[in-house]
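Residues per chain are reported as follows:
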Amino acid sequence: MLPPRFDYLAPRSLDEALEFLDGHGDDAKVLAGGQSLIPVLKLRFASPAWLVDINRIPGLDEIAEQDGHLRVGALVRHRDAERSPVLRERYPTMAEAAPQVSDPLVRNLGTVCGSLAHADPSGDWGAVMLAMDADLVARSKSGTRTIAARDFFDGPFTTALRPDELLVEARVPARPGTGGAYLKLERKVGDFATAAVAVRVTMSDGRIGEAGIGLTAVGPNNLKATEAEVALAGADPSDEAFREAAELAARAASPSADMRGSVEYKRNVVRVFTERGLRRSVAMAIADGGA
Amino acid sequence: MQVTVNVNGTSQTADVEPRLLLVHLLRERLGLTGTHIGCDTTSCGACTVLLDGVPIKSCTYLAVQADGRSVRTVEGLVEGGKPSPLQAAFKQEHGLQCGFCTPGMLLAAEALLADNPDPTEEQVRWALSGNLCRCTGYMNIVKAVQAAGAAMRSAAGVAEAETAEAPAMAGGAQ
Amino acid sequence: MTETDAGTAIRGLGHSVRRKEDDRFVRGRGTYVDDVKLPGMLHMAILRTPVAHARITRIDVEAAKAHPGVVAVITGRDLDAHGLAWMPTLSADTQAVLALDKVVFQGQEVAAVVADDPYVAVDALELIDVDYDPLPAVVDPRRALEGDAPLIREDKEGQTGNHIFHWEKGDKEATDRAFAEADKVVSLDTFYPRCHPAPLETCGCVADVDPATGKCTIWLTSQAPHAHRTLFALVAGLPEQNIRIISPDLGGGFGNKVPIYPGYVVATVASLLIGKPVKWIEDRTENLISTGFARDYHMRGEMALSADGKITALRSQVIADHGAFNAAAQPSKFPAGLFHIFTGAYDVPAAHCEVDGVYTNKAPGGIAYRCSFRVTEASYLIERLVQNAAVELGMDPAELRRRNFIQPEQFPYRSAVGWEYDSGDYPKALDLALEKLGYAELRAEQKEKWAKGELMGIGIASFTEVVGAGHGADFDIAGLRMFDSAELRVHPTGKAILKIGVQTQGQGHETTFAQIVAGELGIPPEDVTVMHGDTDNTPYGLGTYASRSTPVGGAATAMVARKLRDKATKLAAHLLEASEEDIEYAEGRFSVRGAPDRAKTIQDIAFAAYTNLPEGMEAGLEGVTYYDPPNMTFPFGTYCVVVDIDKGTGEWKVRKMVAVDDCGVRINPLIVEGQIHGGLAEGYAIAAMQLITFDEEGNCIGQNFTDYLLPTSWETPSFETYETVTPSPHHPIGAKGVGESATVGSPAAYVNAVLDALAPLGITNIDLPVTSDKVWAAMHEKGFV
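Per chain, the residues get numbers from 1 upward, laid out in the order the sequence is written. Both sets of labels track the order of writing: A upward for chains, 1 upward for ligands. Reporting in this predicted model follows two pLDDT cut-offs: at least 70 for local features of residues, and 80 or more for side-chain atom pairs to be given and counted; totals over whole chains, interfaces and linings ignore these cut-offs and use all residues. Think of the side-chain values as coming from all heavy atoms in the structure, minus any hydrogens and water.

J.: Describe in detail the overall build of chain A, supporting the description with residues and values.
T.: Numbering of helices and strands runs from the N terminus; a helix is a DSSP stretch of H or I covering at least four residues, while a strand is a stretch of E covering at least two. Within chain A, the secondary structure is distributed over 11 helices and 12 strands. When we talk radius of gyration, it's over C-alpha atoms, and the globule rule is simply 2.2 Å times the number of residues to the 0.38. Against the 2.2 N^0.38 benchmark of 19 Å for 291 residues, chain A shows a C-alpha radius of gyration of 19 Å, consistent with a compact globule. Projecting the C-alpha coordinates of chain A onto the three principal axes gives extents of approximately 55 × 45 × 30 Å. Residue burial is assigned from relative accessible area. The probe radius is 1.4 Å, only protein chains are included, and a residue is buried under 20% of its type maximum, exposed over 50%, and partly exposed in between. Of all 291 residues assigned to chain A, the portion counted as buried reaches 59%. Note on contacts: a residue pair qualifies if any of its non-hydrogen atoms lie within 4.5 Å across the two residues. If you take every contact in chain A between residues at least 6 apart in sequence, the share linking residues at least 24 apart comes to 64%. Method for areas: the Shrake-Rupley scheme with a 1.4 Å probe, in which residue coverage is limited to the protein chains shown. Total accessible area computed for chain A in this model is approximately 10,900 Å², and 48% of it derives from carbon and sulfur atoms.

Put into structure tokens, the structure is as follows:
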């Protein structure tokens, strides 16, 4: 299958891009990695009049810590995240998720922010950002808007972004004493998840200070297992606590039955992975000196 | 639109529609048919090329995106008319049967070895997990990549030893 | 992998000669059909129905025709005017080339656009307007057999239901009697679902009908170019001497490139009508949704045993889903292929099988994916039955096999359904496999793990295949007897050219067949060029599928080389001034008995064949052989798999896999090993993840690689391969063929491993593919998780 006709623009500055989106946002699609967009075009599931290629805009490809948080720019590829020492040292949930996104070739082009904006309910980064309680920064001609991850996802392939907005950055709070994990069940490399769980645990005085749990492929969009998080806040990191939280996470999931498995099966995977993820995250946080 | 791409060391200019996929620019406009098409869902990797040294699926990349950039295809692997150590290793280890996935595998492997000259079996399998093969069951592809790595390291080692000898000789035999 | 003494420079049989074909493939210089570009070439795209079962009430192509860049739009009506709207299939059925007033499977061909650019052709497809009046779809063959099921083939005169054929083999009475008297009966209902060979290169053609010369050259993804040429001549009414089929490099076949697809016919007609070359290359969705699928066998098997574990009888009933047209590619006398090999490697005194073929609203086909004509299905059934029988009897599955194997001294062995197995040593292969596996230690470990509630399993499959079709009186494809051919010519300078009727798709014939010549005549493989695939330049053959190349084409090659050796002996006698009876041959040298220094090389003789002949002898050193095999060959082996199961997710991982294969004499051990690796990987794919299925409306689930799963290098296990060598007594070089052994034998090994792990829970079957959710569901149902 081959793409339909479209017009193409490769702006050289963010302002140029935002100016264009201001006038044409409804009929344009942003091209960053293209690893979700181009397949959609080839199947002719979308027929935008314009493609706005942001790859030539400088300054969007940084992964850097600043003022107590990590900034992940719009052109940071999954591959960059995979190789980032900062992620490996201080953002283990993200470091564990990055290599599991799609396959190595797709990771060379696809972007973290592109994945977030695409908002596939089976997307990995959405669950991670929910677990990290990240903020997503949107720019438009009229200014900047910071949207909390928990307010960002609004249904399959639907976000809070306006057509004239560009997601320029994900901002993840830096939290010392944090462990994390991303457990993903996939039938093969490159398949979307059957179910996946992103876990983050920040320890505090030997107890769980706070936890974040994000879910992949078990709902109309990435989900935050809020009840489980609440149950874990301030809890003693015991098997009992892990099991209870896992049960709550499983209940927060609302999977659909498909070729990958039944509703019951997917819920079970959420339960098993949440428990395993919590155990690992706590151990990691403690080892990391987060006592 | 006009695009100018450096393909295998030569600058190529073409007038293309924005929707033209890079793989079609290579195959149809430039006659480089070594890059293959095996699927329509970005799943198989038969179309893998090196974009500024990084392996990507050229069926999921527009020709216009490659403007001003460099692309290396399988045709660009031959060194001075001779197969590269990687190409030679694929033949020696029987790392191909029908040959259709082979160009993509070679380029993904080329990028891996540039990054990691001594990969373990696990690392090879991981790096090639975006490239499907129906014939070989992957075993001999892994062997070929590891053998190529070893050959390249040994050639580099010989080259190193040869340059290292010169200063020592100047200092006299010991 | 063993290799015979590499001391000889000639390197005939038994040497791991590196492949000549690799030189072009590693450079990206292969010529696959999509690489072919001819002057003035146009591009064709096919419109396919999104609805599985419907009447077509209107087709409007005017907007498409008017689209800039479109040269022609072809519908079923246009073809009908030339009598080409329907074509015969390889199973004596008919198939629509372009639908006229009804569509019968999702993805069926409805119209075609020919344009000057492939992107334009796709754009124009969207401008064709078709009105479909949906009919209820039937996707379950058992439903299709019910009296009130919708009639799919209204086009077939006399067809009142969806039943296609009934076929049976064996002695029903003797079998039923044995069952009545049996101490134990083990039965199994198991579904071998629809899957697809999915070679990495899809199907396609470049059809070039030259209006000036009338010559019709078709570059075609064809595993059987000569048969295709003849069929084209018969179907299209074109004179056969004017048709040239060129099958260049093929990016895999696996049986997918044996049928003739509507796209080929439409492209040829288009080229004929337009007077320019027309290229049609299907995309992956078209490949998966419409071309020759594999399996789709609903199997019931029953095994009768004595109390001490001796199999006394076997019977099977199968419902075979053939899709909307019976386009399965198998020998015409065998509508269910070679399914009656289902007694496998065992000495079974009485057996009976029956197969009923059924139409459904799905793509046509059935024989594909390295199945050796349904041997995959048969082998799966028997090896699963043996596993279940072992569990029910409380017996070690290896021991049950040993107790029932056909013993070496019983060969040649006549099976209860009439096969004559040429040779085999099943106990030896099994013993070697278990030894290399470390079977006893693993069973001990399994016990320990189970005591802790952990699950590991050991699966065995001891298969035998029947390949090498085949003896002409029994085997024909659409009437064309299944001989094969080889034409060998040695040039004055001692180099040779071998032209064969089989067609490689990656099996390495350009190297292995040269090795056969090397083995017979002493000309090194580097000096023998092998040609194949061009019907203008090669002798008539039936092509490569069902592992027949080495058994039939390889035999033809050996025999023609021997013909040349006979003439070479005469020439040697002439040159050495000795009598023919005194000439001895060894490795390319012809010498006088008792005077070994008086000798001539094959190169000397080749030169003499053009320069120094005895009176009355024709010049040249060449010949052609059409080989009619006296029997099939029976490669065999034992595969063992060890798996560990994650109770939390139901995932199973292969920890170790040992494969022992016996394909008789091995021409090139490296290439044999490669074939086995590939088959073991396909077997894993089938066991773990491959499925094409349909919803109630006939929508195909599995029409691209995001739904139809091919394992990557990450999931695919590693394999340890070993061999035994039991030559075929009737094959000129003792070889049996090996291309499909691993795809035939391994799925059961993987599945048996998972079920072996689950046996203590009382789980006796999980249908293919054995996905993690099914494993979990089975454990959950038993209350284990």
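On we go from here.
J.: So what's going on with the nonpolar core? Residues and values would help.
T.: Side-chain atoms within 4.5 Å link the members of a nonpolar core, which is a set of buried Ala, Val, Leu, Ile, Met, Phe, Trp, Tyr and Cys residues. With 215 residues, the main nonpolar core has B:Phe90, C:Phe339, C:Trp419, C:Trp652, C:Tyr750 and C:Leu758 as its most contacted residues. Here this core gets 11 residues from one element, more than from any other, and that element is helix H18 (residues 741-758) of chain C. Residues in contact with B:Phe90, not counting those within four places in the same chain, are B:Gly95, B:Leu96, B:Thr102, B:Met105, B:Leu106, B:Ile141, B:Ala144, B:Val145, C:Asp22 and C:Val26. Listed in part, the 54 residues of the second largest apolar core include A:Val101, A:Ala127, A:Leu130 and A:Val168.

J.: Can you break down the interface of chain A and chain B residue by residue, with the values?
T.: Facing the 32 residues of chain A at the interface are 29 residues of chain B. Buried area is a sum: the accessible area each of two parts loses on coming together, probed at 1.4 Å, counted once for each and added. Both faces combined, the contact of chain A with chain B buries some 2,500 Å², and carbon together with sulfur accounts for 60% of it. The term salt bridge refers to a side-chain nitrogen of Lys or Arg lying within 4 Å of a carboxyl oxygen of Asp or Glu. The interface formed by chain A and chain B holds 3 salt bridges in total. Residue A:Arg5 is joined to B:Glu17 by a salt bridge in which the shortest nitrogen-to-oxygen separation is 2.5 Å. In protein, a polar contact requires one atom able to donate a hydrogen and another able to accept it; more generally it is a pair of N or O atoms within 3.5 Å, and residues adjacent in sequence count only if both atoms are side-chain atoms. In this assembly, chain A and chain B are joined by 9 residue pairs in polar contact (both at pLDDT 80 or more). Listed by contribution, the elements that provide at least two residues to the side of chain A that touches chain B are helix H2 (37-42), strand E3 (50-53), helix H3 (78-83) and helix H6 (104-107) of chain A. Counting residues per element, the side of chain A that touches chain B draws most heavily on H6(A), which supplies 4 residues.

J.: Which residues make up the sheet that holds strand E6 (residues 135-140) of chain A, and what values go with them?
T.: All names here are of chain A. What the 5 strands build is an open sheet, ordered E4-E5-E8-E6-E7; its pairing is antiparallel. The sheet is open, and its two borders are formed by strand E4 (63-66) and strand E7 (143-148), each paired with just one other strand. When strand polarity is set aside, the average angle formed by the axes of neighbouring strands in this sheet is 25°. Pairing between strands is defined by DSSP: at least two bridges between the two strands are required. Relative to strand E5 (residues 69-73), E4 runs antiparallel, the two being bridged by 4 bridges. Paired with Ala-64 across the two strands is Arg-71, which belongs to E5. Fitted lines through C-alpha atoms serve as axes, helices being fitted only where they are in contact, and the angles separating the N-to-C directions of these axes extend from 0 to 180 degrees.

J.: A description of the interface of chain C and chain B should follow, citing residues and the corresponding values.
T.: Across the contact, 52 residues belong to chain C and 52 residues belong to chain B. Where chain C abuts chain B, roughly 4,500 Å² becomes buried across the two surfaces, and 55% of that area is made up of carbon and sulfur atoms. Viewed at the interface, chain B and chain C are joined by 6 salt bridges. As a salt-bridge pair, B:Arg27 and C:Asp34 come within 3.3 Å of each other at their nearest N and O atoms. One can count 27 residue pairs in polar contact (both at pLDDT 80 or more) joining chain C with chain B. Counting residues per element, the side of chain C that touches chain B draws most heavily on helix H17 (residues 669-688) of chain C, at 9 residues.

J.: Which residues make up the packing of helix H2 (residues 85-92) of chain B against helix H3 (residues 102-115) of chain B, and what values go with them?
T.: All names here are of chain B. For the pair H2 and H3, the least separation of the axes is 10 Å and the interaxial angle reads 125°. Overall, the two elements H2 and H3 adopt an arrangement that is oblique. In this structure, the crossing between H2 and H3 has a hand that is right-handed. Touching Leu-86, Gln-87 and Phe-90 of H2 are Thr-102, Met-105, Leu-106, Ala-109, Glu-110 and Leu-113, all from H3. For the contact of H2 with H3, the class distribution of residues is 6 nonpolar, 2 polar and 1 charged. Comment on the angle field: the value is read as roughly parallel under 35 degrees, roughly antiparallel over 145, roughly perpendicular from 65 to 115, and oblique elsewhere. Two helices crossing with the near one rotated counterclockwise from the far one by less than a right angle form a left-handed crossing, whereas a clockwise rotation gives a right-handed crossing. Residues are sorted three ways: Asp, Glu, Lys and Arg are charged, Ala, Val, Leu, Ile, Met, Phe, Trp, Tyr, Cys and Pro are nonpolar, and all the rest, Gly among them, are polar.

J.: Give a description of empty space enclosed by the protein that names residues and reports values.
T.: Residues and elements named next belong to chain C. The way it works is a 1 Å grid over only the protein atoms, where trapped points that fit a 1.4 Å probe form a cavity and open points with protein on both sides within 12 Å along at least five of seven lines form a pocket, and then any residue with an atom within 4 Å of a point lines it. Grid points are joined across faces, edges and corners, and a volume is the space filled by probe spheres set on the points. For the coordinates displayed, the defined rule picks out 7 cavities of 30 Å³ or more. Its volume calculated, the largest cavity comes out at about 530 Å³. Among the secondary structure elements, those contributing two or more residues to the lining of the largest cavity are helix H14 (509-521), helix H15 (549-576) and H17. Of the residues assigned to the lining of the largest cavity, the class counts are 19 nonpolar, 18 polar and 4 charged.

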